[in-house]
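Letter by letter, the chains look like this.
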Amino acid sequence: MDKSIKRLCSICVRGGSKGVPSKNIRNLYGKPLFVHSIDQAKASGLFDYVVVSSDSEKILDIAETSVSDLSILRPKYLADDHSPKLPAIQHCLKTSEKKFNIEFDVVVDLDATSPLRSLEDMNGVLKMLEN
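So, a few notes on the structure that sits alongside this text. No experiment lies behind these values; they were computed from the predicted model shown.

For the chain, the helix and strand inventory stands at four helices and six strands. Along the chain direction, N to C, the helices and strands of the chain fall in the order β-β-β-α-β-α-β-α-β-α. Compactness check: the chain gives a C-alpha radius of gyration of 14 Å against a globular reference of 14 Å for 131 residues, within 12% of the reference. Dimensions of the chain along its principal axes, counting C-alpha atoms only, are 40 × 30 × 25 Å. Each charge sign in the chain was given a centre, from 18 positive and 18 negative side chains, and these centres are 4 Å apart.

Okay, here's the thing in C-alpha cells:
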C-alpha cells in the first residue's frame, strides 16, 4: 500500500435501533458488536486514523476506551431511522480533517453490524479504490 495516500476509516454507529434495541453495543464474543470493526481497522494497519461517529454518548465512551483515534458526536438529524449514511460519513470526514489538520485521499466506512470481514477483503477494496 502506498503510504503517501492518507486513509480514514469511519465507523458510523447509531444509538437507536428499532429492530434489535441496542444492537451495536450488544456483546459478541466478549465485546460490543461495533468494537470488532475498530479492532479490525486498527489491526489491519491500513488506515492513518480510525474514527467512530455516533449520536450516542454511550457508544462514543465505548469507542474511546476501545482505542479509536477520535469519537465524533453526530447531529441527531444525521442519525434517525430515515437518515442516509453518506451524509454521516461526510460529516465524519470533514470533522476528522479539521481535527487532524489533514486532507484524506481515501475514506473507507466499515459497517458496525458486519464484523465478519477479512483483512484480504479490506486490502482488496483499498487496491480497487486507489487504482
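Additional details are given in the paragraphs that follow.
Let us look at helix 3 (residues 85-100). Along its 16 residues, helix 3 runs 22 Å from first to last C-alpha, staying within 8% of the 22 Å computed at 1.5 Å per residue. Within helix 3 the residues assigned to the buried category are Ala88, Ile89, Cys92, Ser96 and Phe100. Looking straight down helix 3, one finds that the buried residues subtend no more than 95 degrees of arc, so they occupy a single side. Relative to its buried face, helix 3 has exposed residues pointing more than 90 degrees away, namely Leu86, Lys94 and Lys98. On the buried face of helix 3, the contacting elements are strand 1 (7-13), strand 4 (49-54), strand 5 (70-73) and strand 6 (106-109). Remark: Asn101 follows helix 3 within two positions and exhibits a positive phi of approximately 55 degrees.

What counts and how
Residues numbered from 1 in each chain as written. Predicted model: local features only at pLDDT ≥ 70, side-chain atom pairs only at ≥ 80, totals over all residues. Heavy atoms only, no water. Helix = DSSP H or I, 4+ residues; strand = E, 2+ residues; numbered from the N terminus. Rg over C-alpha atoms; globule rule 2.2 N^0.38 Å. Lys, Arg positive; Asp, Glu negative; His and termini not counted. Charge placed at Lys NZ, Arg CZ, Asp CG, Glu CD. Expected span 1.5 Å × (residues − 1). Buried < 20%, exposed > 50% of the residue type's maximum accessible area, 1.4 Å probe, protein only. Arc of directions from axis to C-beta. Contact = heavy atoms within 4.5 Å.

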